[in-house]
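# Architecture and fold: a report
So you can see what is in the structure, the chains are spelled out below.
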Amino acid sequence: MAAVALKFCRKGLPHILKDGAVATLSPKALGGVRQKSSVQYATRPELPKLAYCRVKGKSPGVVFLPGYGSNMNGQKAEALEEFCRSLGHSYLRFDYTGHGLSEGVFTEGTIGTWKKDVLFVLDELTEGPQIMVGSSMGGWLMLLAAIARPEKTAALVGISTAADHIVTAFKSMSLEVRKEIEEKGVMTVPTKYSEEGTYTFTIGFLKEAENHCVLQSPIPITCPVRLIHGLKDDDVPWHISMQVAERVLSPDVDVILRRHGQHRMAEKDDIRLMVYTIDDLIDKLTTLV
């Protein structure tokens, strides 16, 4: 079983980096972005074009995987671009099929669809091993991509990782409720992150997602893994990150729990923690080389 280190972070960040690193981080990397990369489009045979932004630089590179219904222009994604640019490391952020500026129909997407998107960008738009940073559903996709492309995976950073979450939520309901959902053909989940106040998942989406569950058995991932989760996450329970930590085969796993952290982990202190965690991994990986 993987070793799990717990870091309980209250308001105000601990000094989790090497001496002096906190003082050298650019304030703009933790707030707004002054210089953004331009949007490009990747063409795929018989598949929707994917919108992406890329910064070329040193290895290991960083790839950001957004959450369900989100896009590459969120605060975390943009802060990471500025951070990687300041260090001279390569960085890639992109929109899944049906998300943001990418082509495709959002409601027709599945976990399998978006997994293919991640594998495509890893194969075609990056060079060498990457640090994948996955937010919510992006954390689930990052695990699937790491399993499929171990040679392209240097390390993983999960933010509010939602591995198997929608499938687990459905299966945890009573038999009566599940039958009702199957008859209606859709399951609605309350959330404060959509205009409707709910996310709607079809039975087809749920059934397809079952093919990509990772928590029923050991997860064959051996690279460094960092899992950051808020204890006040009302959308994805923090214990999912604990389950991931218990199942990955890597001997280098940290779970970092933010006492006041919510699902999006988009407060300034949350973003600082994410950036510091990635900086520490880059330092570790560079030292190993």
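Residues numbered from 1 in each chain as written. Predicted model: local features only at pLDDT ≥ 70, side-chain atom pairs only at ≥ 80, totals over all residues. Heavy atoms only, no water.

## Structural notes on the packing of aromatic side chains
Within a pair of aromatic rings, the relevant descriptors are the distance that separates the centres and the angle that separates the planes. What counts here: Planes of paired rings set the category: under 30 degrees apart is stacked, over 60 is edge-to-face and the rest tilted, where pairs are Phe, Tyr or Trp rings (Trp by its six-membered ring) whose centres lie within 6.5 Å. Numbering of helices and strands runs from the N terminus; a helix is a DSSP stretch of H or I covering at least four residues, while a strand is a stretch of E covering at least two. Accessible area is worked out with a 1.4 Å probe on protein chains only. A residue is then buried under 20% of its type maximum, exposed over 50%, and partly exposed in between. In this scheme, the term charge over a ring applies when either NZ of a lysine or CZ of an arginine sits within 6 Å of the ring centre and within 35 degrees of the ring normal.
Applying the stated criterion across every chain, the model contains eleven aromatic pairs. Judged by centre distance (6.4 Å) and plane angle (35 degrees), the rings of Tyr 96 and Trp 114 are tilted. Taken as a pair, Tyr 96 in the loop between strand E5 (89-94) and helix H3 (111-125) and Trp 114 in helix H3 lie far apart in primary sequence, 18 residues in all. For the pair formed by Tyr 96 and Trp 114, the shared burial category is buried. Geometrically, the ring pair formed by Phe 106 and Trp 114 is stacked, given 6.2 Å between the ring centres and 20 degrees between the ring planes. Judged by its relative accessible area of 0%, Trp 114 falls in the buried class. Through a chain of ring-to-ring contacts, three or more aromatic side chains come together here, namely Tyr 68, Phe 94, Tyr 96, Phe 106, Trp 114, Tyr 199, Phe 201 and Phe 205. Against the face of Phe 120 rests Arg 44, its NZ or CZ located 5.5 Å from the ring centre.

## A word on unusual backbone geometry
The amide bond that connects Ser 59 to the next residue, Pro 60, takes the cis arrangement and shows omega of -5 degrees. Within the fold, Pro 60 resides in strand E4 (residues 58-65). Phi at Ser 160 is positive, roughly 55 degrees, even though this residue is not glycine. Inspection of the secondary structure assignment puts Ser 160 in the loop between strand E7 (153-159) and helix H5 (165-171). The exposure class assigned to Ser 160 is buried, which follows from its relative accessible area of 1%. A positive phi is found at Asp 164, a non-glycine position, where the angle reads about 65 degrees. Along the chain, the position of Asp 164 falls in the loop between E7 and H5.

Fair warning: the whole summary comes from geometry, so function is off the table for now.
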